[in-house]
Structure formats: C-alpha cells, structure tokens
Amino acid sequence: MIGSRNDISLYRRLIKLGVSDYIVQPFGPLHLLDSILSIFAETDEKELGLVLAFVGARGGTGASTVAHNVASTLSRKFEATTLLIDANLGFGTAALQFDITSPQGFADAVRERENLDHDLLERLVHWREKRLGVLTAPDRLDQLTAPDLGIMRHLVDQARRLARFVILDLPHGWSPWIAEALSSADRVGVVATADLPSLRNSRTLLEMIQKMRPNDALPEIILSRMPLRGKPQVSVDDYVRILGVRAPATIPFDATAASAEMSGRLMVEASPRSEAAVAIAALASRMTGIDENSRRKPVRRGVVGRLLGRRRR
C-alpha cells in the first residue's frame, strides 16, 4: 500500500489487516522494487533460468562460436541444464556446429506465439544431450520472418522454465526484436575482436544497451581470437579506457576450433584443456557467478530480473 502519512500506528494497523508493506510518498522506483522483492523473497516458487545473450560487435567476431561453447561448457563442465537459442535468421550455425538435424526450431517458436508455452517449446527443442537443448535457426531464406515486438520476451520467459541457463545467440546489428531480446536477458556479452571497427561498434552497442538497462550490470566485453593476426591490434587497455568497462574477457586464438567445427564438434569438446577452452570456462563462470570449483555460487540478478522472480533452476 502507498500513502502519504508517516505514522507507525497506521503502519501497524495495516500489517494486522494483512498488508505486506506500506510505502510513504515520495519514493523512487528502486524503493518500490526493493519492497516487492522483500515480500516475495521467501516464496517457494520454482527457480527460473538465467539468460545470457551474446551479440557480435560486427560480423566475423566469433560471437556464435563463443555462445555455443559457453552453452556446452555450462551443460558439461558445470553439469547444468542449458538451452541454446540460435536466433541468427537464415545464417545460424548451431545445427552445423552441434551436428544435428531438426525439422523444427526458432522460426516455429516465433510462428506459434499465441500457443507457445514451455511444453510446446520443449517439443521444438532438439535435446542433443540430457542437459543440452538447441533451438536451431531456420536454414532457408524463404523461412525468414523477423519476430514482432513481444515475441522475444515471451519466448525468453518460456525458455526460463526449461533450463537453468538460457543462451541467446543473436545476430550482429540492431533491430527492435534484437533490442527486446537484449533487454530480456540477465547478462549480455558483446563479442569483439581487437580492431578499430569492433571498438567503435562496441561503444555504440554499450550506449544503446545501457539506455535499455539503466539499473543492470554493464555488458561483458569479450575479445575473441587473441591476438589478432595480420592486423594492427587495439590494446585491451584501450577497450577499458574508451569504453569505461572492466578488463574484457579474452579468448585466445585456437587452430583446433576450425577443424573441430568441420567435424561437427565444439572447440571445448575437441580440445577441453586448451587455453581457449579454459578461457571459455572462465567466461561462463564470470557471467553466471558460478565458481568453477564449487559450481554453487549464486549470481546477482538485475533489478528487473529479480522483480519478476527470475531465479535459476
């Protein structure tokens, strides 16, 4: 209940009548959110999944490779049920990289918006392993239909019910539905390479994402394929200084990644002890808050995520 009288006697009477909390005007939005969160802090509601969204600062940064390997690491190394959603319309690589053939996928989930619940979504997902499900992107250009506003948020909400972690592999660029997917996620990773175009685009993405998520943590900047070969390189210090972020996560270049992809295997599966696989595991731990040893450390959620009861499974 919201009122204008700051009266302890009134507060006590309201509590006796069953009111959970009484907020005195004026108050800010964070005060209201904290009050609601405290009311529902002890509920026994089933915990919902944590959503990590990955997007490339430009084409060719390896954002999909990072997303796929993080998904595999969470399901195998951290033994967590994980759902990967490949939203790269027409050009998704999850089906190839995981060596799966699925007649249904992301396009069907988008078309079934009115009927989509977590049971239907589970039937559309290809469960490659017990703990790893993949919702593949359409592989034909004539199947492309850009999601309408509201669909991505609804899809993410249903996906949270299926897995402890949901990984969104988003296309690089900017559109209303991509912005909606990013705003629906608990954590965002911007994958870049150590060059000037990536630095410029990363700054633009950070500015846009911060406007949408003013009360949430800054996106993770992930520098892949380090060091950049054959080109002048922008230093890690430049990324920190210009973007105003903590030191980016770095993923070393690994020649086994290309050969693994050709055989339908992931880098972390083909070479689990390589420097790149170790860096992927560290990134997964960094973004989820799970300690690599205990695997039990809880993650601190964004304000909106906590308000909606988005707990991990």
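Residues numbered from 1 in each chain as written. Predicted model: local features only at pLDDT ≥ 70, side-chain atom pairs only at ≥ 80, totals over all residues. Heavy atoms only, no water.

1. Re the environment of Phe-98
Note the cut-off: Strands are runs of DSSP state E lasting at least 2 residues, helices are runs of H or I lasting at least 4, and numbering of each runs from the N terminus.
Mapped onto the secondary structure, Phe-98 falls in the loop between helix H4 (94-97) and helix H5 (106-111). In the structure, Phe-98 is positioned 36 residues away from Val-134 in sequence and 8.6 Å away in space, judged by C-alpha atoms.

2. Quick word on helix H1 (residues 8-16)
A turn of α-helix holds 3.6 residues, and therefore any two residues three or four places apart point the same way. Heads up, the rule is: In protein, a polar contact requires one atom able to donate a hydrogen and another able to accept it; more generally it is a pair of N or O atoms within 3.5 Å, and residues adjacent in sequence count only if both atoms are side-chain atoms.
Two or three places before Ser-9, at the opening of H1, Asp-7 has a side-chain oxygen 2.9 Å from that residue's backbone nitrogen. Just downstream of H1, Gly-18 is the residue with a positive phi angle, here 105°.

3. Points about the sheet that holds strand E5 (residues 126-129)
Across a sheet, strands are paired by hydrogen bonds formed along the backbone, either parallel or antiparallel in direction. In plain terms, the rule: DSSP bridges decide pairing: two strands pair if at least two such bridges lie between them. Each axis is a line fitted through C-alpha atoms, and for a helix only the stretch in contact is used; angles between axes span 0 to 180 degrees, taken between their N-to-C directions. We call two residues in contact when some of their heavy atoms are within 4.5 Å.
The strand order across the open sheet built from eight strands is E5-E6-E4-E7-E3-E8-E9-E10, with neighbouring strands paired in mixed fashion. Edge positions in the open sheet fall to E5 and strand E10 (249-252), since each of these has one partner strand only. Each strand of the sheet is rotated relative to its neighbour by a mean of 25°, with strand direction disregarded. By the bridge criterion, five bridges tie strand E4 (residues 82-86) to strand E7 (residues 165-169) in an arrangement that is parallel. For Ile-85, the partnering residue across the bridge sits in E7 and is Leu-168. The strands touched by helix H9 (residues 196-212) are strand E3 (50-56), strand E8 (187-192) and strand E9 (220-226); relative to E8, the strand with the most contacts, the crossing angle is about 165°.

4. Notes on the packing of H9 against helix H10 (residues 236-243)
How two helices pack is summed up by the angle between their axes together with the distance between the axes. We count it as follows: What sets the label is the angle itself: under 35 degrees gives roughly parallel, over 145 gives roughly antiparallel, 65 to 115 gives roughly perpendicular, and the rest give oblique. Handedness of a crossing is defined here by the sense of rotation of the near helix relative to the far one, left-handed for an anticlockwise turn of less than a right angle and right-handed for a clockwise turn. For this classification, the nonpolar set comprises Ala, Val, Leu, Ile, Met, Phe, Trp, Tyr, Cys and Pro, the charged set comprises Asp, Glu, Lys and Arg, and every other residue, Gly included, is treated as polar.
Running from amino to carboxyl end, H9 crosses H10 at an angle of 30°, the nearest separation of the two axes being 11 Å. Classified by the interaxial angle, the pair formed by H9 and H10 is roughly parallel. In this structure, H9 meets H10 at a crossing whose hand is right-handed. Residues Ser-198, Leu-199, Ser-202, Arg-203 and Leu-206 of H9 form the contact with H10, whose own contacting residues are Tyr-239, Ile-242 and Leu-243. Of the residues that constitute the contact of H9 with H10, the class distribution is five nonpolar, two polar and one charged.

5. Topic: the pairing of E3
Two faces, one strand: in a regular strand the side chains alternate between the faces of the sheet. Operational definition: We call a residue buried when its accessible area falls under 20% of the maximum for its residue type, exposed when it is over 50%, and partly exposed in between, using a 1.4 Å probe and counting protein chains only.
Within E3, seven of the seven residues are buried, which leaves the element mostly enclosed by the surrounding structure. Burial along E3 is two-sided: the face carrying Leu-50, Leu-52, Phe-54 and Gly-56 and the face carrying Val-51, Ala-53 and Val-55 are both buried. Relative to E7, E3 runs parallel, the two being bridged by five bridges. Within the sheet, the bridge partner assigned to Leu-52 lies in E7 and is Ile-167.

6. A closer look at the packing of helix H7 (residues 151-159) against helix H8 (residues 176-184)
Two elements in contact, H7 and H8, have axes whose closest approach is 8 Å; the angle formed by their N-to-C orientations is 35°. Crossing hand, H7 versus H8: right-handed. Here Ile-151, Met-152, Arg-153 and Val-156 of H7 lie close against H8, whose contacting residues are Trp-177, Glu-180, Ala-181, Ser-183 and Ser-184.

7. Let's talk about the side chain of Thr-288
Mapped onto the secondary structure, Thr-288 falls in helix H13 (residues 275-288). On the basis of relative accessible area, Thr-288 is assigned to the buried category, the value being 0%. From its side chain, Thr-288 meets the backbone oxygen of Ala-284 in a polar contact 2.7 Å long.

8. Observations concerning the nonpolar core
To keep things clear, this is the line we draw: Put simply, a nonpolar core is a bunch of buried Ala, Val, Leu, Ile, Met, Phe, Trp, Tyr and Cys residues held in one set by side-chain atoms that sit within 4.5 Å of each other.
Counting 47 residues, the largest nonpolar core has Ile-85, Phe-106, Leu-121, Leu-135, Leu-155, Leu-168 and Leu-170 as the members making the most contacts within it. Broken down by element, the residue count for this core peaks at five residues, all from H7. Once you skip the residues sitting within four places of it in the chain, Leu-170 turns out to touch Ala-53, Phe-54, Val-55, Ala-87, Asn-88, Trp-177, Ile-178, Ala-181 and Leu-182. By size, the runner-up hydrophobic cluster in this structure holds 34 residues, among which are Leu-74, Val-191, Met-267 and Ala-276.

9. Remarks on H8
Of all nine residues that make up H8, seven are buried, and the element is covered over most of its length. Within H8 the residues assigned to the buried category are Trp-177, Ile-178, Ala-179, Glu-180, Ala-181, Leu-182 and Ser-184. Of the surrounding elements, those touching the buried residues of H8 are E3, H5, H7, E7, E8 and H9.

10. Considering the confidence of the model for the protein
Keep this limit in mind: For every residue, the pLDDT score states the predictor's confidence, bounded by 0 at the bottom and 100 at the top.
Averaged over the protein, the pLDDT score is 84; the fraction of residues at 70 or greater is 87%. Within the protein, no element has a lower average pLDDT than helix H14 (residues 303-307), which sits at 51, and none a higher one than E7, at 97. Note on residues 296-300: pLDDT is under 50 here. Beyond four places in sequence and across chains, it has 14 contacts. Across residues 309-313, confidence stays below pLDDT 50; counting only partners more than four residues off in sequence or on other chains, it has 35 contacts.

11. Regarding the environment of Thr-73
When you line up the elements, Thr-73 lands in helix H3 (residues 63-76). Put simply, Thr-73 and Val-268 are 195 residues apart on the chain and 7.1 Å apart in space, counted from C-alpha to C-alpha. Ignoring any residue separated from it by four or fewer positions in sequence, one finds Thr-73 in contact with Phe-78, Val-268, Ile-280, Ala-281 and Ala-284.

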